[in-house]
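# Inside the fold
As a plain string of letters, each chain reads:
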Amino acid sequence: MKYYILSFVIIVKNFDENLKISLSAIADLANEIVILDSGSTDNSEQIAKSFGAKWFVNTDWQGFGKQRQIAQRYATGDWILALDADEEVTPKLKQSILTVIKTPPANTVYGIKRLDFIFGHQIDNALWGVKAHWRLYPKTFNYDNNLVHESVVLDGATTAKLEGFLHHHTAPTPLFWLEKRLSYAKAWADDRHKQGKKAKFFKVIANPLWAFIKQYWLDGRFLQGRYGLIYSLLFTQYTFNKYAIFYDLSHNQAEQAFAQSIENNQNLRPISLSQKKSTLSLVMIVKNESKHLAACLDTVRDLVNEIVILDSGSTDNTKQIAQHYGAKWFVNTDWQGFGRQRQLAQRYATGDYILVLDADERLDQTLRTSIAEVLCLPVQRDKVFSVARVNTFCGVEVQNRYWYTDKLARLYANDSFQYSALEVHESLDQHNAKNVVLKGYLPHITNDNLYHFLVKNIRYSHDWAIEKHKYGKKVSLVGVLFHAWFSFFREYVIRGDMLSGAYGYILAVASLGYTLDKYIILWNLNKARKN
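Only a predicted model underlies this, so the values are computations on that prediction, with no experimental measurement involved. (Residues numbered from 1 in each chain as written. Predicted model: local features only at pLDDT ≥ 70, side-chain atom pairs only at ≥ 80, totals over all residues. Heavy atoms only, no water.)

The next subject is the pattern of salt bridges. Taken as a whole and judged by the stated rule, the model has 33 salt bridges. Between Lys-180 and Asp-86 there is a salt bridge; the shortest N-O distance is 3.6 Å. Taken as a pair, Lys-180 in helix α5 (residues 174-194) and Asp-86 in the loop between β4 (79-84) and β5 (87-89) lie far apart in primary sequence, 94 residues in all. Of the two residues examined, Lys-180 and Asp-86, each falls in the buried class. Linked through salt bridges whose partners overlap, the residues forming this network are Arg-68, Asp-84, Glu-87, Arg-114, Asp-116, Asp-124, Arg-135, Glu-150, Lys-214, Asp-219 and Arg-221. (Salt bridge = Lys/Arg side-chain N within 4 Å of Asp/Glu carboxyl O. Helix = DSSP H or I, 4+ residues; strand = E, 2+ residues; numbered from the N terminus. Buried < 20%, exposed > 50% of the residue type's maximum accessible area, 1.4 Å probe, protein only.)

Counted according to the given criterion, the structure contains 34 aromatic pairs. Each ring, one from Tyr-137 and one from Tyr-143, has its centre 6.3 Å from the other, and the planes form 70°; the classification is edge-to-face. Tyr-137 gets classed as buried once you look at its relative accessible area, which sits at 1%. Put simply, the rings of Phe-201, Tyr-247, Phe-393, Phe-453, Trp-485, Phe-488, Tyr-492, Tyr-503 and Tyr-505 touch in pairs and so form one group of aromatic residues. The ring centre of Tyr-441 lies 4.7 Å from the NZ or CZ of Arg-401, which sits over that ring. (Phe/Tyr/Trp six-rings, centres within 6.5 Å; stacked < 30°, edge-to-face > 60°. Lys NZ or Arg CZ within 6 Å of the ring centre and 35° of its normal.)

Along its 18 residues, helix α14 (residues 477-494) runs 25 Å from first to last C-alpha, staying within 8% of the 26 Å computed at 1.5 Å per residue. Backbone geometry just downstream of α14 places Gly-496 in the positive-phi region, at approximately 85°. (Expected span 1.5 Å × (residues − 1).)

Once that is clear, we can look at empty space enclosed by the protein. One pass over the structure, following the stated rule, counts 2 cavities of 30 Å³ or more. For the largest cavity, the calculated volume is near 150 Å³. Along its surface, the largest cavity is lined by 16 residues, and Gln-237, Asn-241, Leu-454, Ile-458 and Asp-517 are the ones closest to its centre. Mapped by element, the contributors of at least two residues to the lining of the largest cavity are α5, α7 (225-251), α13 (450-470) and α15 (501-530). Forming the boundary of the second largest cavity are Val-9, Ile-10, Ile-11, Arg-68, Gln-72, Ala-82, Tyr-137 and Tyr-143. Of all the secondary structure elements, the ones that give two or more residues to the lining of the second largest cavity are β1 (6-12) and α3 (64-73). By residue number, the principal contributor to the lining of the second largest cavity is β1, which donates 3 residues. (1 Å grid on protein atoms, 1.4 Å probe; cavity = no way out; pocket = protein on both sides within 12 Å on 5 of 7 lines; lining within 4 Å. Points joined across faces, edges and corners; volume = space filled by probe spheres on them.)

Counting 96 residues, the largest nonpolar core has Phe-393, Leu-450 and Ile-506 as its most contacted members. With 15 residues, α15 is the largest single contributor of residues to this core. Every residue in contact with Phe-393, bar those within four places of it in the chain, is listed here: Val-398, Thr-446, Asn-447, Leu-450, Phe-453, Tyr-503, Ile-506 and Leu-507. Within the second largest apolar cluster, 33 residues are counted, among which are Cys-296, Trp-329, Leu-367 and Ala-372. (Core = buried A, V, L, I, M, F, W, Y, C linked by side-chain atoms within 4.5 Å. Contact = heavy atoms within 4.5 Å.)

Coordinates in, geometry out; function isn't part of it.
What follows is the structure in structure tokens.
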């Protein structure tokens, strides 16, 4: 019996571990394996070539649809089977494929059902209605131009579904899922925004809720236990990220807030320090803060005796800006977390007092006066001084300063206190010293856009979970859910985000997502250790 030529076509980037599994399953089935890479830095190429694959590269990324089109041009087979590097052909599916390629390619496109796996656990029930993806087709067909969620253009083709399943190893770890899905969400939002489509806030609320109902109940993942629930929650978060980023692209006010902060700086009045009795060192840790650093230093340089800046690897002109203000510049790229970096920075300071600021923070006039008043007294080693930080989220002051502000200990005696060694959410080790809240506010431009905020949240959630796991912290799945939902209640109700419209809701849900992520990562680490 004659078999027509079958070409497997795969697009990849840094998928070496999954690629081994995928190629092993098709090595005896494929006449040709075509792989188009978009810039891998791992061992994907060596693994591909060890299976006899043809390796091509295109780093001019124009979206998944275009990349699949380019990859298919290199294929010579009569039949095309589009495969992802994290998919595995099962034996039953292999037999179905062999049956099809005995027939000459005509006008039929075949769908393949796919069972998803997350963190090594199956989260689709094979007896439920599993969706088929159009993957096996004559070479005369091709993919559409979609940036994400691409599909084969059917153009009136007849369709059929194959027996058997693809096993889709969608994410080996929570971090992998979060980073991959956030990049998809950003690409989806950018594509819609570029097409001129209008973002509607009600979809930021409604679509994630519908996504959970569909993923957990309608798609039968409630049958798959804890991992079915976790997947449904993470997919709900992914849906929220898509619509929230899309909304932010047309409603973001960060540039206006930044411009307003520059204008506010110009209205600051000089502070008299003629009665000054204590010296002050400004201590900062930075990386690529060229946009914000000057605006921050303009609000504090006349108060301090020295500016100490510890950099962790800037590639912009942060150093030149710092030196323009006479800062003492130091570098430490051996990153061990925010707490240790702040400890190291403080060692370079010589002042009686330490003032800790981030580059995206500014002192208002009242706070400047309050700090000057402290400096006009002898050094107070029995207390620390906190500032009321007002957060601007995507350019919006979501938490009304008269309702809630972060109270952060930032001014303290150099020889008596230092920061804790926590990797994230570091704070001053106060030794039970009295805490005095200074008058005035510390405006904080939290982020340039929502995507930037969510990227940082993923990094912080992972670092937090790794640190807590190292010290033996445990959490149950019930605990994961409780912490996540309480974080939403705290943000939206207790801290008053509900008073700030769309961005108040977005910040509260993003906080829920951050808390959910860090506890899921910790929960998964605990499971891995136990196993």
